Structures are given as C-alpha cells and as structure tokens.
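Geometric and topological summary
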Amino acid sequence: MSTKPALLMRLLASSFAIAEKAQMIIHQVLSGGNLNIVEKTGANDLQTKADRLVQQSICLSLARKFPKLTIIGEEDLPFQEIDEDLIESGQCEEVLKYSCPVQYSHFKEEEIVVWVDPLDGTKEFTEGFLDHVTVLIGIACGGKAIAGVINQPYYNYQV
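The sections below set out a description of the structure shown in this document. (Residues numbered from 1 in each chain as written. Predicted model: local features only at pLDDT ≥ 70, side-chain atom pairs only at ≥ 80, totals over all residues. Heavy atoms only, no water.)

Turning to helix 1 (residues 7–32), a few remarks are in order. With 26 residues, helix 1 should cover 38 Å at 1.5 Å per step; its first-to-last C-alpha distance of 37 Å lies within 8% of that length. Of the residues one or two after helix 1, Gly-33 is the one with positive phi, at around 90 degrees. (Helix = DSSP H or I, 4+ residues; strand = E, 2+ residues; numbered from the N terminus. Expected span 1.5 Å × (residues − 1).)

This is the structure we're talking about:
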C-alpha cells in the first residue's frame, strides 16, 4: 500500500508543472509581438503582459490545488478572472519519486508561504536578453526558505 507524498513534495511537483506552463505563456507573449510594457516605478522597473499572465497563472493554479497556502506575488495585480487555459492542474510525477526530508515532512498547508516572481529579468526580457529570464517559485515555512522551482524559459537560447 502506497502512502500519499508529503505536502512539500506535492507542492513542488505542482510548482514544477506550473513553472513549465509559465514558460509556455512567456514564449506565447513574446511570439505574439506585443509585450504591453508598463513602467511600475521607473524605466528600470518594468512589467509586461508576460509578468501579469504568468503571475495570475501561478497564483491561481496553486490556490486551486492548495487553498490554504499564503501566496505572495511580486506584481501588484487586482484580482480578476483569467482564461482557464492559463491554469495548470497537473504535477511532475518525477518529483514525487523523491522522498521529502524528514524535517519538512509534517508541514501543514496553512504554515507555508509561496513567493512568486513570475518573470525575473523583465528588463532583460524587453531588451531581448532572453537567457537572463527566469520564473521563480519559492517555498518558505516558519520564515525560512525550504524549497523552490526555477524555470529558465530560454535555457541555452541562441539568437
């Protein structure tokens, strides 16, 4: 009889799949040709359509699967309904093959905070330096970072 994987491993497996969805969204925005860039606090603090869509995708995908998590996104966005195509409900089965470190195996959902930077390297993204772009999903408990997912949408990108 198999046991259910620890919450942290299920959260990581979901975050992995969600980050891959984020990669797809970033690619679609760029290939669409309209980044819809806005300045947040100045010319070096930008936000694009990709930032907004990816944050909504990550936050809502996680909230649906783990409703008691605290999720904090970098972008200050109003709540709005989003296209269901942006929601990722899957998980990476490969991640679930690993065991959870004992010290992290008994956390409750409401004890976990997830930090989201939907598109780290936005300025570089707008300038075409795509290999500098990452999607960051950090997981903390008790004020300590314990796990996370980093996705590089343009890993080994060649011009």
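On we go from here.
Quick look at the packing of helix 1 against helix 2 (residues 49–65) now. In a pair of packed helices, the angle between the axes and the distance between the axes together describe the arrangement. Orientation of helix 1 relative to helix 2, taken along the N-to-C sense of each, is 155 degrees, at an axis distance of 9 Å. Between helix 1 and helix 2, the angle falls in the class roughly antiparallel. Crossing handedness for the pair helix 1 and helix 2: right-handed. Residue-level inspection shows Leu-11, Ser-14, Ser-15, Ile-18, Lys-21, Ala-22, Ile-25, Ile-26 and Val-29 of helix 1 in contact with helix 2, the latter providing Lys-49, Ala-50, Leu-53, Val-54, Ser-57, Ile-58, Ser-61, Leu-62 and Lys-65. (Axes fitted to C-alpha atoms, helices over the stretch in contact; angles between N-to-C directions. Parallel < 35°, antiparallel > 145°, perpendicular 65-115°, else oblique. Left-handed = near helix turned anticlockwise from the far one by under 90°. Contact = heavy atoms within 4.5 Å.)

Tallying each qualifying case throughout the model produces five salt bridges. Between Asp-45 and Lys-40 there is a salt bridge, with the nearest N and O atoms lying 3.6 Å from each other. The class for Lys-40 is partly exposed, based on a relative accessible area of 32%. Residues Glu-127 and Lys-123 are paired through a salt bridge, measuring 2.4 Å at the closest nitrogen-oxygen approach. Taken together, the residues span about one helical turn, with Glu-127 and Lys-123 both in helix 3 (residues 122–127) at a distance of four residues. Here the salt bridges do not stand alone but share partners, grouping Lys-40, Asp-45 and Glu-75 into one network. (Salt bridge = Lys/Arg side-chain N within 4 Å of Asp/Glu carboxyl O. Buried < 20%, exposed > 50% of the residue type's maximum accessible area, 1.4 Å probe, protein only.)

With respect to the secondary-structure elements, Asn-151 resides in strand 6 (residues 144–151). According to the relative accessible area criterion, Asn-151 is buried, its value standing at 9%. For Asn-151, the side chain forms a polar contact with the side chain of Gln-23, separated by 3.1 Å. The residues contacting Asn-151, other than those within four sequence positions of it, are Ala-19, Glu-20, Gln-23, Val-133, Thr-134 and Val-135. (Polar contact = N/O pair within 3.5 Å; in protein donor to acceptor, adjacent residues only side chain to side chain.)

Here Ile-25 shows up in helix 1. The spacing of Ile-25 and Lys-49 is 24 residues in sequence and 9.7 Å in space, taken between C-alpha atoms. Once residues lying within four places of it in the same chain are set aside, the contact partners of Ile-25 are Leu-53, Val-54, Ser-57 and Leu-86.

On their own, these measurements won't tell you what the molecule is for.
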